[in-house]
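Listed here are the chains, written in short residue letters.
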Amino acid sequence: MAKTKKSNSQKADHASGERIIKKYNNRRLYDSQNSRYITLDELKELIINGEEFRVCTASGEDVTRQTLISILLAGEVMGQPLFSEQTLRNMVMFMQGPMRGPMKVFFEQCLPLFARSNSELIEKFGSQIGSKELDSLAVLQGNMVRQLMEQYVFRGLENYLTTQKNMEKMMSIQNPLSFANMFTPPTDKSQE
C-alpha cells in the first residue's frame, strides 16, 4: 500500500488542530476532518461553536476570508439583515476614503466586545435562550455596549477633527503652492 506524502502546510495545519475545509472548483466544500461535504450553513455553525477552520482550494490557496464574506452575504440576503442599507453605503464609502483605517480599527476593537458579551450571556443563561428574561437582559446589555461604542466613536471623531484642524493650521503656515506641489508628480522637462 503506497503512502501519500503530505505537504508541509498540511502537516502544520494538522498539527495545529485547525480544521481544513477544501473548496473545489464546483464551489463545494469538503470537511477533511469528517470526510464529508458541508454547506455554508454548517460552516456558520462551526463558527458559532467556536471551532477554528481554514478554507483552502485544491491548489492550496487560502480562501477563508472569501468564504466568511460569503457566509455574511448569505445571511444578509437570505436571513434577517444585520446591516441597514445606509450602513452598507457608509461601509462602501469608507473603503476608499481617509476613514478606512479608523473604521477597520473600530470593527476590530468593537466586534470582540460584542462576541465576549454574547459568549458570556450564552454561558450564564444558555438554558434560558429564547425566554423573555434573557431577551430583556440581552437588550439591556446591548444598550450598554451601544453607549460605550457611541462614546468611543464620538471620542475618535473629536480626535480626528482636532487633527484635521491642526493639519489645516500647518498648511496655512506653509507656502500653499509648495504644499499643493507635494501631491502632483514632477514633470519631465526634457520631453517638452
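Throughout what follows, the structure given in this document is the object of discussion. Quick caveat: nothing in here was measured; it's all calculated off a predicted structure.

Calculation criteria
- Numbers given for residues are sequential positions, taken from 1 along each chain in its written order.
- For a predicted model such as this one, the threshold for reporting local features is a pLDDT of at least 70, and the threshold for listing and counting side-chain atom pairs is 80 or more; totals across whole chains, interfaces and linings nevertheless cover every residue.
- No hydrogens and no water enter the side-chain calculation; it runs on all heavy atoms of the structure.
- Under the scheme used here, helices are H or I runs from DSSP no shorter than 4 residues and strands are E runs no shorter than 2 residues, and both carry numbers assigned from the N terminus.
- Classification of residues uses two cut-offs on accessible area relative to the type maximum, computed with a 1.4 Å probe and protein chains only: under 20% is buried, over 50% is exposed, and between them is partly exposed.
- Contacts are residue-level and defined by heavy atoms, with any inter-residue pair within 4.5 Å sufficient.
- Patch membership requires over 30% relative accessible area and the absence of a salt bridge. Like charges are linked within 9 Å, and nonpolar side chains (Val, Leu, Ile, Met, Phe, Trp, Tyr) within 5 Å.
- Surface accessibility follows the Shrake-Rupley procedure with a 1.4 Å probe radius. Residue values consider only the protein chains on display as shielding.
- One speaks of a salt bridge when a side-chain nitrogen belonging to Lys or Arg is within 4 Å of a carboxyl oxygen belonging to Asp or Glu.
- A pair of strands counts as paired when DSSP detects no fewer than two bridges linking them.
- Only C-alpha atoms enter the line fits that serve as axes; for helices the fit covers just the stretch in contact. Angles between N-to-C directions range over 0 to 180 degrees.
- Any pair of nitrogen or oxygen atoms within 3.5 Å is treated as a polar contact; in protein, a donor-acceptor pairing is required on top of that, and neighbouring residues in sequence qualify only through side-chain atoms on both sides.
- A pair of aromatic rings is counted whenever rings of Phe, Tyr or Trp (Trp by its six-membered ring) have centres within 6.5 Å, and the orientation is called stacked for planes under 30 degrees apart, edge-to-face for over 60 and tilted otherwise.
- By definition, being over a ring means that NZ of Lys or CZ of Arg is both within 6 Å of the ring centre and within 35 degrees of the ring normal.

### As for the side chain of Thr64
In step 1: By secondary structure assignment, the location of Thr64 is in helix H3 (residues 64-78).
In step 2: Overall, Thr64 belongs to the buried group, its relative accessible area being 7%.
In step 3: Excluding its chain neighbours within four sequence positions, the residues that come into contact with Thr64 are Phe53, Arg54 and Val55.

### Structural notes on a nonpolar patch on the surface
In step 1: The grouping of Leu73, Val77 and Met78 at the surface amounts to a nonpolar patch, some 370 Å² of accessible area in total.
In step 2: Within the element layout of this structure, Leu73 appears in helix H3.
In step 3: On the basis of relative accessibility, which here comes to 53%, the residue Leu73 falls in the exposed class.

### Regarding the sheet that holds strand S2 (residues 29-31)
What links the strands of a sheet is backbone hydrogen bonding, and the strands pair in either a parallel or an antiparallel sense.
In step 1: With respect to topology, four strands assemble into an open sheet ordered S3-S2-S1-S4, the strand pairing being mixed. Every other strand in the sheet has two partners, leaving strand S3 (36-38) and strand S4 (53-57) as the edge strands with one partner each. Going from strand to strand, the sheet's axes swing by 35° on average, the running direction of each strand aside.
In step 2: As paired elements, strand S1 (residues 19-23) and S4 share five bridges and run parallel to each other. Bridging across to S4, Ile20 finds its partner in Arg54.
In step 3: Here helix H2 (residues 40-48) sits on the sheet and contacts S1, S2, S3 and S4; the angle it forms with S3, its principal contact strand, is near 85°.
In step 4: Seen against the sheet, H3 touches S1 and S4 and runs at an angle of roughly 110° to S4.

### Description of the side chain of Glu18
In step 1: For Glu18, the location among the structural elements is in the loop between helix H1 (8-16) and S1.
In step 2: Judged by its relative accessible area of 19%, Glu18 falls in the buried class.
In step 3: Within the structure, Glu18 has its side chain in polar contact with the side chain of Arg54 (distance 3.4 Å).

### Section: the pairing of S1
In step 1: Where S1 and S2 come together, three bridges link them in antiparallel fashion. If you follow Lys22 over to S2, its bridge partner there is Tyr30.
In step 2: The turn joining S1 and S2, which pair antiparallel and follow one another in sequence, is formed by five residues; a positive phi near 75° is taken by Arg27.

### With respect to the packing of aromatic side chains
In step 1: What the rule picks out here adds up to three aromatic pairs.
In step 2: The interplanar angle of 65° and the centroid separation of 6.5 Å between the aromatic rings of Tyr24 and Tyr37 together place this pair among those described as edge-to-face. Of the two residues, Tyr24 sits in the loop between S1 and S2 while Tyr37 sits in strand S3, which places them 13 residues apart along the sequence.
In step 3: What makes Tyr37 partly exposed here is its relative accessible area of 40%.
In step 4: Members of the aromatic cluster, connected to one another through ring pairs, are Tyr24, Tyr30 and Tyr37.
In step 5: It is Arg28 that lies over the ring of Tyr37; its NZ or CZ is 3.8 Å from the centre.

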